[in-house]
Amino acid sequence: GAVVSQHPSWVICKSGTSVKIECRSLDFQATTMFWYRQFPKQSLMLMATSNEGSKATYEQGVEKDKFLINHASLTLSTLTVTSAHPEDSSFYICSAGPAWNTEAFFGQGTRLTVV
Amino acid sequence: QKEVEQDPGPLSVPEGAIVSLNCTYSNSAFQYFMWYRQYSRKGPELLMYTYSSGNKEDGRFTAQVDKSSKYISLFIRDSQPSDSATYLCAMTPTGNQFYFGTGTSLTVIP
């Protein structure tokens, strides 16, 4: 299957700082990537849909100024958590799929801990 | 009503048992159905992918889709301790937006 790589896999940051998470499609081009948040023992919650070359589409209740998404190329989308607070601590996962396919492939996930 | 319903479990079975995992959904537009396995603190891994109704088998895993009942299943034969994970069902009408179940936590006891 297609490969989606996410980096870093784990990050600790101080409250008030910003953290950038990268999501790359390694063997295909992705015009659309998805960003999810997952709390312990809960399912994936879609945060936003990242569109190459245009603004991301955010789900209701997700602060677009806090979770900045940039999809500058067909193989890279980034999520920046700005002015992070402890309540932002969570598992963030991206997904993407080849344009000819309707499967979603996931990155390894990033565990963010804000202290 | 949620778009996708999945019993969260937890489900515990002895090694070698047949495991049945299920999801129901309400949107008749869903055409593509997936099952993912997620180990703790890892991203979901695609296990099975099915289009429309029918069965699909891959090794010890069988996926079934019954669109008339809006019901999908994943069967695991000869379950192994390494199958212990959370299993997520997912579905999409076109691929632009995916809908996930809450996940079922499975433990296979040696």
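In the block above lies the structure referred to throughout.
Procedures and definitions
- Residues numbered from 1 in each chain as written.
- Chains lettered and ligands numbered in written order.
- Predicted model: local features only at pLDDT ≥ 70, side-chain atom pairs only at ≥ 80, totals over all residues.
- Heavy atoms only, no water.
- Pairing = 2+ DSSP bridges.
- Helix = DSSP H or I, 4+ residues; strand = E, 2+ residues; numbered from the N terminus.
- Disulfide = S-S within 2.5 Å.
- Buried < 20%, exposed > 50% of the residue type's maximum accessible area, 1.4 Å probe, protein only.

A.B. asks: Explain the pairing of strand S6 (residues 54-58) of chain B here, please?
C.D. replies: Within a regular strand, side chains alternate between the sheet's two faces. Residues and elements named next belong to chain B. Relative to strand S7 (residues 61-66), S6 runs antiparallel, the two being bridged by five bridges. When the sheet's bridge partners are listed, Glu 57 is paired in S7 with Thr 62. Counting the residues between successive antiparallel strands, the hairpin from S6 to S7 contains two residues, one of them, Gly 59, with a positive phi of roughly 65 degrees.

A.B. asks: Looking at this structure, how should I read the state of the cysteines?
C.D. replies: According to the stated counting rule, one finds two disulfides over all chains in the structure shown. Residue pairing for Cys 23 of chain A: its cysteine sulfur links by disulfide to Cys 94 of chain A, the two sulfurs lying 2.0 Å apart. An S-S torsion of about 80 degrees defines the bridge between Cys 23 of chain A and Cys 94 of chain A as right-handed. Highlighted residues: Cys 23 of chain A in strand S3 (residues 19-25) and Cys 94 of chain A in strand S9 (residues 90-96), separated in sequence by 71 residues. Looking at Cys 94 of chain A, the relative accessible area reads 0%, which means it is buried. With a sulfur-sulfur separation of 2.0 Å, Cys 23 of chain B is cross-linked through a disulfide to Cys 89 of chain B. For the disulfide bridge between Cys 23 of chain B and Cys 89 of chain B, the dihedral angle about the S-S bond is near -100 degrees, and by the sign convention the bridge is left-handed. Note that Cys 23 of chain B is positioned in strand S3 (residues 19-25) and Cys 89 of chain B in strand S9 (residues 85-92), a separation of 66 residues in sequence. Neither residue differs from the other here; Cys 23 of chain B and Cys 89 of chain B are each classed as buried. Cysteine Cys 13 of chain A remains unbridged, with the sulfur of Cys 94 of chain A as its closest cysteine sulfur at 18 Å.

Note that every value here comes from positions in space, so none of it alone points to a role or purpose.
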